[in-house]
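As a plain string of letters, each chain reads:
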Amino acid sequence: MRREKSPWYSEGVPFSCVPDCGKCCDQPGGVVFLARHDAEKIAAHKGMDVQSWLDLDCRRSADGRWVIQSNPHDGSCIYLEDDKSCSIYEVKPDQCSAFPWWNENMRSSREWRKTVQLCPGLRQSDADIISLPVIQSHLKADAVAEKGFRVWNRDV
Ligand code: SF4
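Figured I'd write up the structure that's included with this text. (Residues numbered from 1 in each chain as written. Predicted model: local features only at pLDDT ≥ 70, side-chain atom pairs only at ≥ 80, totals over all residues. Heavy atoms only, no water.)

### A word on the packing of aromatic side chains
Here is the rule: Note on aromatic pairs: the rings of Phe, Tyr and Trp (six-membered ring only in Trp) are paired at centre separations within 6.5 Å, and the planes decide the class, stacked below 30 degrees, edge-to-face beyond 60, tilted for the rest. Any residue under 20% of the maximum accessible area for its type is buried, any over 50% is exposed, and the rest in between are partly exposed; the area is computed with a 1.4 Å probe on protein chains only.
Evaluation of the coordinates by the stated rule reveals six aromatic pairs. Seen in terms of ring centroids, W8 and Y9 are 5.2 Å apart; in terms of plane orientation they differ by 90 degrees. Their pairing is edge-to-face. Look at W8 and you get partly exposed, because its relative accessible area is 46%. Using a relative accessible area of 12% as the deciding quantity, one classes Y9 as buried. One aromatic cluster is present, built from ring pairs that chain together W8, Y9, F15, W101 and W112.

### A few points about a negative patch on the surface
Condition: Patch construction takes residues with relative accessible area above 30% that form no salt bridge. Like charges are linked within 9 Å, and nonpolar side chains (Val, Leu, Ile, Met, Phe, Trp, Tyr) are linked within 5 Å. All accessible areas in this document rest on Shrake-Rupley with a 1.4 Å probe, and a residue is counted as covered only by the protein chains that are shown. The working definition used for a salt bridge is a side-chain nitrogen of Lys or Arg within 4 Å of a carboxyl oxygen of Asp or Glu. When charges are counted, Lys and Arg contribute as positive and Asp and Glu as negative, whereas His and the chain ends are disregarded. Taken as the charge location is NZ of Lys, CZ of Arg, CG of Asp or CD of Glu. Each helix is a run of DSSP H or I of at least 4 residues and each strand a run of E of at least 2, with the numbering of both proceeding from the N terminus.
A surface patch of negative charge is lined by D20, E81, D82 and D83. Tracing the chain through its elements places D83 in the loop between β3 (66–68) and α3 (94–98).

### Re the side chain of N105
Our working rule: A 3.5 Å cut-off defines polar contacts: any pair of N or O atoms within that distance qualifies, except that in protein one atom must be a possible hydrogen donor and the other a possible acceptor, and neighbouring residues in sequence count only when both atoms are side-chain atoms. Contacts are residue-level and defined by heavy atoms, with any inter-residue pair within 4.5 Å sufficient.
Looking at the element boundaries, N105 is found in helix α4 (residues 103–106). A distance of 3.4 Å separates the side chain of N105 from the side chain of T115, its partner in a polar contact. Contact partners of N105, with chain neighbours within four places excluded, come to F99, P100, E111, W112 and T115.

### Thoughts on helix α1 (residues 36–45)
Basically, it comes down to this: Note: the arc covers the axis-to-C-beta directions of the helix.
Of the residues making up α1, those classed as buried are R36, D38, A39, I42 and A43. Burial along α1 is one-sided: seen end-on, the buried residues are contained in an arc of 155 degrees. Looking at the buried residues of α1, the elements they touch are α2 (50–57), α3 and α6 (132–147). At the C-terminal side of α1, G47 shows a positive phi close to 70 degrees.

### A short note on the site of the ligand
Cut-off, in case you're wondering: Residues are classed as near a molecule or strand on a simple rule: at least one heavy atom within 4 Å of it. Here a cavity denotes a set of grid points, spaced 1 Å apart and computed over the protein atoms alone, in which a 1.4 Å probe fits but from which it cannot get out, and a pocket denotes an open set meeting protein on both sides within 12 Å along at least five of seven lines; residues with an atom within 4 Å of a point are reported as lining. For a molecule to be placed in a cavity or pocket, more than half of its atoms must lie within 2 Å of the grid points of that cavity or pocket. Each residue is assigned to one class: nonpolar for Ala, Val, Leu, Ile, Met, Phe, Trp, Tyr, Cys and Pro, charged for Asp, Glu, Lys and Arg, and polar for all the others, Gly among them.
Residues in close proximity to the ligand include F15, C17, V18, C21, G22, K23, C24, F99, C119, P120 and G121, which together make up its full environment. Most atoms of the ligand, that is more than half of them, are within 2 Å of grid points of the largest pocket. When the residues that make up the shell around the ligand are grouped by side-chain class, the tally is eight nonpolar, two polar and one charged.

### A closer look at the layout of surface pockets
Operational definition: Grid points are joined across faces, edges and corners, and a volume is the space filled by probe spheres set on the points.
For the largest pocket, the calculated volume is near 1,000 Å³. Forming the boundary of the largest pocket are 49 residues, of which K23, C24, C25, C96 and F99 lie nearest the centre. Listing elements by their share of the lining of the largest pocket, those giving two or more residues are α3, α4, α5 (109–118) and α6. When residues of the lining of the largest pocket are assigned to their parent elements, the largest contribution, four residues, is made by α5. Along the lines of polarity and charge, the residues of the lining of the largest pocket split into 28 nonpolar, 14 polar and seven charged.

### Observations regarding the pattern of salt bridges
Any two side chains of opposite charge can pair if their charged atoms end up close together. Under the definition given, this model contains seven salt bridges. Residue K84 pairs with D26 through a salt bridge whose shortest N-O separation is 3.0 Å. Residue K84 is found in the loop between β3 and α3, and its partner D26 is found in the loop between β1 (13–14) and α1; the two are separated by 58 residues along the sequence. Residues D63 and R65 are paired through a salt bridge, measuring 3.0 Å at the closest nitrogen-oxygen approach. Under the relative-accessibility criterion, D63 is labelled partly exposed at 38%. Here the salt bridges share partners, and the residues they tie into one network are D38, K41 and D94.

And the structure:
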């Protein structure tokens, strides 16, 4: 049997998120896909039923998956505050927690270079080393969220 090649990040990757940075939340055209449990926890946090919250604070991606709305004037996330904090931090979606460990960022060295350029947390000289199991669990959560959902009432 052929052995799987270790991923390039198998020894871990240095990363420490920079407080009050917000660069991953203020990119015009940035898209946050939602897992069903993201929608449930954020709607509950807002004291709303899920469909009402989707209708108020979300929109459809080009292929119909629910994603969080962006500010029309600058394209940033609607939950990003002026001081770069997140107004739903306690219940933020899995994709937000998983950044920069997104499958689309890690699948090629070109995409990873772009991610390193965007995220100062990957350029800190004294950053923590994020281990392979932690990275893999974020990649898994990202994959579920990226699959997303199109219809709230019809569980799959
Ligand atoms: S861009 Fe990187 S350092 Fe900045 S908030 Fe996002 S994860 Fe943290």
